[in-house]
Amino acid sequence: MSWSGFKKSVNRAGTTVMQKVGQVERTNDAEFQELESRFKVFEKEATALQKESKGYLDSMRAMTASQARIAETIDAFYTDASEAAMASHAYRRAVEELDNKTGRELDAPYRATVLEPIGKLVSYMPATNQAISKRHKKLLDYDSARAKVRKLTEKPSNDPSALPRLPNASDAPQAQQENDLTEEAYTGINEELKEVLPQLLDQRIPYLDPSFEAMIRLQSHFAQEGYEKLGGVQRYFSENVRDDYANGQLDAQVEAVLQEIKDLTIVGLS
């Protein structure tokens with residue numbers, strides 16, 4: 001930071017303190033404050049959306065990869081030609097195909113239609129925050145300069161060059177000229193932000209609509225693919241499996257097998 005920048009930072013910090021104790025009047029712009037508040041909410045929501053959208057894709061990839069590892073492990077249990085072995089082989093093929101298809105048909109389209117547009121939207125936030133921060137600094141400079149002019153007006157100085165009496169800016173005293181310059185700088189960026197922020201906020205829904213639609217379509221496609229792939233495995237099971245599951249008989253069968261394992265002598269030795 002340059003020496004000039006350092007002095008400005010110190011002066012602005014002093015102005016902030018003086019405003020808190022009521023010695024320097026604070027300029028309030030209710031319209032801008034509302035826009036800034038809405039932008040902060042929008043920024044928070046957009047950042048959360050970016051995080052959760054990426055988390056969804058990571059979760060889908062992790063799930064399909066985990067399914068493939070589980071299927072590989074289960075498949076290693078069956079070395080015969082039984083129906084259970086055939087079902088295990090079919091399950092392994094289904095989840096491996098689903099895992100590969102996820103990479104081809106979900107990953108790239110999801111990144112292109114969901115993650116990249118959301119990421120681009122979020123990338124505008126730092127520049128907007130910088131502009132808001134710059135406005136805040138220009139406002140402090142203006143409030144400070146205005147306070148100086150008011151003080152000199154109420155309690156005139158012995159130095160005529162300090163008094164804000166001349167209307168011509170080129171001949172104006174130093175305090176008045178500083179006030180005019182800081183007011184112009186603040187007003188310029190304030191009006192620009194009041195024009196740009198509503199446009200950004202109003203465009204958030206139309207901008208995100210295509211990504212939202214793409215997200216739903218891709219999720220639906222992924223679910224349909226999973227249903228079809230795993231549905232094909234069901235033909236290797238007996239016809240009464242679904243009825244047994246609905247009636248709770250499969251749970252009873254599992255409990256019976258677990259009880260048999262517990263009754264084994266080698267289990268009792270532990």
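Caption draft 1: How the structure looks around the pattern of salt bridges. Evaluation of the coordinates by the stated rule reveals 11 salt bridges. Across the salt bridge formed by E225 and K101, the nearest N and O atoms sit 3.1 Å from each other. Taken together, the residues span a long stretch of sequence, with E225 in helix α5 (residues 204-231) and K101 in helix α3 (residues 83-154) at a distance of 124 residues. For the pair formed by E225 and K101, the shared burial category is buried. A salt bridge links R217 to E213; the nearest nitrogen and oxygen atoms lie 3.2 Å apart. You can see R217 and its partner E213 sitting in helix α5, four residues apart, about one turn around the helix. Salt bridges linked by common partners bring D29, E31, E191 and K194 together as one network.

Caption draft 2: Layout of helix α4 (residues 174-202). The end-to-end C-alpha distance of α4, which contains 29 residues, comes to 43 Å, matching closely the 42 Å that a straight helix rising 1.5 Å per residue would cover. Along α4, the residues that are buried comprise A175, Q176, N179, T182, Y186, I189, N190, L193, K194, L197, L200 and L201.

Caption draft 3: Quick look at the environment of D75. Residue placement: D75 occurs in helix α2 (residues 30-75). For D75, a relative accessible area of 11% puts it in the buried group. In sequence terms D75 and R92 are 17 residues apart; their C-alpha atoms lie 7.0 Å from each other. Other than its neighbours up to four places away in sequence, D75 contacts S88, H89 and R92. Of the polar contacts made by the side chain of D75, one reaches the side chain of H89; its length is 2.3 Å. A polar contact is formed between the side chain of D75 and the side chain of R92, at a distance of 3.2 Å.

Caption draft 4: Molecular detail of empty space enclosed by the protein. Evaluation of the coordinates by the stated rule reveals one cavity of 30 Å³ or more. Its boundaries defined by the atoms lining it, the largest cavity holds a volume of some 80 Å³. Residue lining of the largest cavity: L98, K101, T102, E105, L106, L218, H221, F222 and E225, and that is the complete set. Secondary structure elements with two or more residues in the lining of the largest cavity: α3 and α5. For the lining of the largest cavity, the element with the most residues is α3, which contributes five residues.

Caption draft 5: Expanded view of α5. Taking 1.5 Å of rise per residue, 28 residues should cover 40 Å, and α5 covers 40 Å from first to last C-alpha, within 8% of that figure. P210 marks the point of greatest bend in α5, at about 25°. Turning to α5, its buried residues number three or more, namely L208, S211, A214, M215, L218, F222, E225 and G226.

Caption draft 6: Up close: a nonpolar patch on the surface. Taken together, V254, V257, L258, I261 and L264 make up a surface patch of nonpolar side chains, about 410 Å² in accessible area. As for its placement among the helices and strands, L264 is situated in the loop between α7 (249-263) and α8 (265-268).

Caption draft 7: Seen up close, the packing of aromatic side chains. Counted under the stated rule, the structure contains two aromatic pairs. Look at Y56 and Y110: their rings are 5.6 Å apart centre to centre, the planes differ by 40°, and that puts the pair in the tilted class. You can see Y56 sitting in helix α2 and its partner Y110 sitting in helix α3, a full 54 residues away along the chain. Here Y142 and Y186 contribute two aromatic rings whose centre-to-centre distance is 5.8 Å and whose plane-to-plane angle is 10°, an arrangement assigned as stacked. Residue Y142 is located in helix α3, and its partner Y186 is located in helix α4; the two are separated by 44 residues in the primary sequence. A relative accessible area of 6% places Y186 in the buried class. In this arrangement the basic side chain of R135 is found over the ring face of F32, its NZ or CZ atom lying 3.7 Å from the centre.

What counts and how
- Residues numbered from 1 in each chain as written.
- Predicted model: local features only at pLDDT ≥ 70, side-chain atom pairs only at ≥ 80, totals over all residues.
- Heavy atoms only, no water.
- Salt bridge = Lys/Arg side-chain N within 4 Å of Asp/Glu carboxyl O.
- Helix = DSSP H or I, 4+ residues; strand = E, 2+ residues; numbered from the N terminus.
- Buried < 20%, exposed > 50% of the residue type's maximum accessible area, 1.4 Å probe, protein only.
- Expected span 1.5 Å × (residues − 1).
- Contact = heavy atoms within 4.5 Å.
- Polar contact = N/O pair within 3.5 Å; in protein donor to acceptor, adjacent residues only side chain to side chain.
- 1 Å grid on protein atoms, 1.4 Å probe; cavity = no way out; pocket = protein on both sides within 12 Å on 5 of 7 lines; lining within 4 Å.
- Points joined across faces, edges and corners; volume = space filled by probe spheres on them.
- Bend = angle between axes of the 7 residues up to and from the residue.
- Patch = residues over 30% accessible without salt bridge, like charges linked within 9 Å, V, L, I, M, F, W, Y side chains within 5 Å.
- Areas by Shrake-Rupley, 256 points an atom, 1.4 Å probe, with all protein chains shown as cover.
- Phe/Tyr/Trp six-rings, centres within 6.5 Å; stacked < 30°, edge-to-face > 60°.
- Lys NZ or Arg CZ within 6 Å of the ring centre and 35° of its normal.

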